[in-house]
Amino acid sequence: MAKIIVLHSRKGGVGKSTIAYELAYLLGAPLVDTEHDGGGVTRKFGYRHEERLRAPMLQAFESGKTPKLLKGHNKARLLPGHPDLYVYPPSEERMAESLLQWASDWGDEYVVVDTHPGASSTAHGAMSVADLVLTPTALRTLDLDGTEQFVKEAADYPLAIVPNFVPRTPPQAEIDRLRQIVSGTPVQVTPFVPAVLTVGTRKKRMAITAEEPPSRSLQPVAEAMTKIADFVKGYVHE
């Protein structure tokens, strides 16, 4: 059975979709995008729902058939999201059953799922069958507030926190708070991703880690993503 890796956070703007995009490429995994806005991995891939007559994921939920994945150069294969996922979300049970069926039919070792920020039936359904839930957070007060609440709600899930946008000199008070958040729980912390401005302004659609080599400014991010991919492999196979 494929190992299902879910990216989720209760708060937006924490870099979840960028990490999902890179991990799916590094793991050779299909990327299932359950976001329903224009700022996720579907748009980054180059897919425009406005130019399509059908929504592959919604059609798959309706038909019960496993959808085909989009392919692109130096990108993970993609099951695109769609704005109508907000209007017609699957139930938790439907999402969970569909993911398991798709993962089995696709036949890959891993499947990566990017979720919309906040609680939803779609996210909870994906997390219910996840072998690992990764929740990115910045070392900032409001982001850590959201992370702390999510850990309280989901500490019984196979959960790991990804410190993201970490500055060259990390704030000690926030590092201590992150330690406090996971203390006494089975929640783990992955290698951190450094803050690099050009990640947010980059126009290329291919994965950062697909470039050989990435630009000098992006090399620390590529190295961090590779370490997180190694963490994922070790976690789900231990």
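Before any of the text, the structure's been laid out above.
Chemist: When you look at the side chain of Thr137 in this model, what are you seeing that I'm missing?
Modeler: Secondary-structure assignment places Thr137 in strand 5 (residues 132-138). Accessibility expressed as a relative area gives 0% for Thr137, which makes it buried. Side-chain polar atoms of Thr137 contact the side chain of Thr147, separated by 2.9 Å. If we skip the residues at most four places from it in the chain, Thr137 touches Val14, Asp143, Leu144, Thr147, Ile161, Val162, Pro163 and Asn164.

Chemist: I'm lost on the nonpolar core in this one. Help?
Modeler: Nonpolar side chains in soluble globular proteins generally cluster together in the buried interior. Grouped together as the largest cluster of nonpolar side chains are 38 residues, with contacts concentrated most on Val6, Val32, Leu99, Trp102 and Val113. When contributions to this core are tallied by element, the ones reaching two or more residues are strand 1 (3-7), helix 3 (56-63), helix 5 (92-106), strand 4 (110-114), helix 6 (121-128), helix 7 (141-154), strand 6 (159-164) and helix 8 (172-182). The element contributing the most residues to this core is helix 5, with 6 residues. Among the nonpolar cores identified, the runner-up in size contains 37 residues, and Leu23, Leu78, Val193 and Phe231 belong to it.

Chemist: Would you take a moment to explain unusual backbone geometry for this structure?
Modeler: Apart from glycine, the bulk of residues carry a negative phi angle, and the bulk of peptide bonds sit in the trans form. Here the bond from Glu212 into Pro213 is cis, since omega is -10°, no more than 30 degrees from zero. Mapping Pro213 onto the fold places it in the loop between helix 9 (197-201) and helix 10 (219-237). One non-glycine residue, Phe165, lies in positive phi territory at about 55°.

Chemist: How should I be thinking about the layout of surface pockets in this particular structure?
Modeler: Remark: the empty space left among the atoms is shown by a probe the size of a water molecule rolled over them. Counted as a void, the largest pocket has a volume near 660 Å³. Residue lining of the largest pocket: 35 residues in total, with Gly15, Ser17, Thr18, Gly39 and Val199 positioned closest to the centre. Of all the secondary structure elements, the ones that give two or more residues to the lining of the largest pocket are helix 1 (16-27), helix 2 (41-45), helix 9 and helix 10. With 5 residues, the top contributor of residues to the lining of the largest pocket is helix 1.

Chemist: Explain empty space enclosed by the protein here, please?
Modeler: Enumeration according to the criterion identifies 1 cavity of 30 Å³ or more in this entry. Considered as a void within the structure, the largest cavity measures approximately 40 Å³ in volume. The wall of the largest cavity is formed by Ser9, Arg10, Lys11, Val14, Thr135, Pro136, Asp143, Gly146 and Thr147. At the level of elements, strand 5 and helix 7 are the ones that each hand at least two residues to the lining of the largest cavity. For the lining of the largest cavity, the element with the highest residue contribution is helix 7, accounting for 3 residues.

Chemist: I would appreciate a short explanation of the sheet that holds strand 2 (residues 31-33) in the present structure.
Modeler: Hydrogen bonds along the backbone pair up the strands of a sheet, which may run parallel or antiparallel. Within the open sheet, the 7 strands sit side by side as 3-2-4-1-5-6-7. Their pairing is parallel. The open sheet has two edge strands with one neighbour each: strand 3 (78-79) and strand 7 (188-189).

Quick notes on the rules
Residues numbered from 1 in each chain as written. Predicted model: local features only at pLDDT ≥ 70, side-chain atom pairs only at ≥ 80, totals over all residues. Heavy atoms only, no water. Helix = DSSP H or I, 4+ residues; strand = E, 2+ residues; numbered from the N terminus. Buried < 20%, exposed > 50% of the residue type's maximum accessible area, 1.4 Å probe, protein only. Polar contact = N/O pair within 3.5 Å; in protein donor to acceptor, adjacent residues only side chain to side chain. Contact = heavy atoms within 4.5 Å. Core = buried A, V, L, I, M, F, W, Y, C linked by side-chain atoms within 4.5 Å. 1 Å grid on protein atoms, 1.4 Å probe; cavity = no way out; pocket = protein on both sides within 12 Å on 5 of 7 lines; lining within 4 Å. Points joined across faces, edges and corners; volume = space filled by probe spheres on them. Pairing = 2+ DSSP bridges.

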